[in-house]
Amino acid sequence: MKPVLLESTDYHDLRSTWFRASHEPGLFVVEGRSDIVQHELQKLSMHWQDQAIHLVLDDAYHTLPFIYQLNPVHPIDDLVACKNALLRFHRAGWAPGPRKWILVEVVSGLHPADLGAIHHLLYRQKLKDVSVLLFFHQYPVRVNLPQHVSRLAISLVRDTPEQTRRLLNEQLRIAGRHDEAEEENSQGKAQTEATLHNKSEAQFQRKVQRKALALYNRLAWVLLSKSDNRQRYKACFRFFSQNSIFQQLSVAQQAILWFELGQLLTKTGDDYVAARECYAHARAVLEHEELNEVYRIGKEAALDNGEALIEMQEGHISRAIELEKRAGMRIRELPPGPDRHVFQIQTALNIAGLQIRAGLLMDAETTLLAAEKLCTGAYSGWLGHILQLKMSVYQQLGEQELEYKMLIQVLRMKTGSIPSKLLQRSIELAGVLIQQGEEERAAEVYRLLIAGLPATHLKQIRLIRQALSGLGTESPVAAATQQQLTLKLELQLDTWEQFKHWHEGRESGWAIHS
């Protein structure tokens, strides 16, 4: 797959198709002179406005990775925020909202991690009506880069864990050296007493913040990096509890680290007593005057959720439900807005999940019905999660008809991905329907799976098509349509491989040229 040249008639024809209602979304690759690329991207951004997001990818260590640039707020200095952004992307993909066009200006080349993220969006997540437009500069040039791009955010995506660890150690050392240099500079200059006081106060605050951030990130790395040695969690607990250096962190940083440690101890199941102590420490820190009420309420609700998980794993489902309900009451104290709305939906899902585990199926149905009313407008993406839990309720109640209706509703939503658990249950339910002589209803499940699964599930799609054709319910026209869809997915994957091959040749050509 070769790129379309920006100044060619082919590009003008392609551009015309983008502006039509019948436009077929996908991957488009364009190449042109730097000044023309930048001008064209400005025009497209102005035309599509809030339907487009414009990203710039230059040298792999000069601009933020693709995943971070998709976020409205770029997490760049806080290791926990950076890790969470990466986890959210790999687990749930990207929520496009009103965006239908991802405009990517590629100044030099694409790092393998950026290629992987684009592949995820196009062929694993199957974003509905979203296109990725890659505009390559024809020759390497210098562009105006952001004044500060955090090395940490880049390293987490580009480097090995060992390289990131060394970077964090270096940042900790540099923070100390900066402090010494600032003290020497302030002593070596004759200044008025007031100016000296103000400057030294500002320098002191910068010094405290810089050291605190470097220390916080280094401690967070110990918690969040993968390791088979679980003793490090106990060592962290002792350090947080007993070492005065930990007190140099801001109140918010201390609370986050206590919370993360509590979560890790809970997930490993090693020490629930210590996990509860972590949450108790976090609650004590949250009482500090530095923190505003909204931040405190949000964190308190998160701690309720963390403790509920401990109770659930210990088999105390009723107590876990009480804690989740307490979290829900806290969330209602937040000011109206997107955060409160999302937290309310998430808490309802947590409560319903616990109620299902406890066998309180009618209570779970009531909880889910209330949550469903919250999933309107910008929050409609949450509806799929609620319907899947309702399926679980109806499955346990033996209400096959209701479960089938929920399944069809979920699959028709075309959310962009079908979780493996949902895929498995869909195939199981189709099998039950076939045994009951309901071939047409089973066929509807198969059709929706074929239409909804992304290209990376091509093997499963072929197997589902084979099962569908065996039912004898499809007309020749419908069978031909499904064949066309399969061929289209094969073409998408083949086109991607061709693009990667072209990009590799382009990269090696530049390396030789330089």
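Right, let's walk through the structure included here. (Residues numbered from 1 in each chain as written. Predicted model: local features only at pLDDT ≥ 70, side-chain atom pairs only at ≥ 80, totals over all residues. Heavy atoms only, no water.)

## A few points about the overall build of the protein
Right, on to step 1. Scanning the protein for helices and strands turns up 21 helices and five strands.
Right, on to step 2. Counting every position in the protein, which comprises 514 residues, the buried fraction comes to 44%.
Right, on to step 3. Contacts spanning at least 24 positions in sequence make up 70% of the contacts within the protein whose residues lie at least 6 apart.
Right, on to step 4. Charge separation in the protein, taken as the distance between the mean sites of 59 positive and 60 negative side-chain charges, equals 1 Å. (Helix = DSSP H or I, 4+ residues; strand = E, 2+ residues; numbered from the N terminus. Buried < 20%, exposed > 50% of the residue type's maximum accessible area, 1.4 Å probe, protein only. Contact = heavy atoms within 4.5 Å. Lys, Arg positive; Asp, Glu negative; His and termini not counted. Charge placed at Lys NZ, Arg CZ, Asp CG, Glu CD.)

## Observations concerning the nonpolar core
Right, on to step 1. Phe 66, Ile 102, Leu 134, Leu 261 and Phe 499 are the most contacted members of the largest nonpolar core, which has 117 residues in total.
Right, on to step 2. In terms of residue count, the dominant contributor to this core is helix α10 (residues 251-268) (nine residues).
Right, on to step 3. In this structure, Tyr 11, Leu 14, Phe 28 and Val 30 belong to the second largest nonpolar core, which totals 15 residues. (Core = buried A, V, L, I, M, F, W, Y, C linked by side-chain atoms within 4.5 Å.)

## With respect to helix α20 (residues 458-471)
Right, on to step 1. In this model, α20 (14 residues) spans 20 Å end to end at C-alpha, consistent with the 20 Å of a helix rising 1.5 Å per residue.
Right, on to step 2. Those residues of α20 not exposed but buried are Leu 458, Ile 461, Ile 464, Leu 468 and Leu 471. The buried residues of α20 occupy an angular sector of 120° when the element is viewed end-on, so they sit on one face. Opposite its buried face, α20 presents the exposed residues Lys 459, Leu 463, Gln 466, Ser 469 and Gly 470, each directed more than 90 degrees away.
Right, on to step 3. Backbone geometry just downstream of α20 places Gly 472 in the positive-phi region, at approximately 70°. (Expected span 1.5 Å × (residues − 1). Arc of directions from axis to C-beta.)

## Quick word on the pattern of salt bridges
Between side chains of opposite charge, a pair can form when the charged atoms approach closely.
Right, on to step 1. The tally for this structure, following the rule as stated, stands at 29 salt bridges.
Right, on to step 2. Taking the shortest distance from any N to any O, the salt bridge between Glu 162 and Arg 165 comes out at 2.4 Å. In this pair, Glu 162 and Arg 165 both sit in helix α7 (residues 161-187), three residues apart, roughly one turn of the helix.
Right, on to step 3. When its relative accessible area of 36% is taken as the criterion, Glu 162 is described as partly exposed.
Right, on to step 4. Under the relative-accessibility criterion, Arg 165 is labelled partly exposed at 27%.
Right, on to step 5. Put simply, Arg 173 and Glu 170 hold a salt bridge, and the shortest N to O gap is 2.6 Å. Highlighted residues: Arg 173 and Glu 170, both in helix α7, separated by three residues, approximately one helical turn.
Right, on to step 6. In the salt-bridge network here, residues are joined through shared partners; they are Arg 283, Glu 300, Asp 304, Glu 307, Arg 326 and Arg 330. (Salt bridge = Lys/Arg side-chain N within 4 Å of Asp/Glu carboxyl O.)

Just geometry here; none of it tells us what the structure is for.
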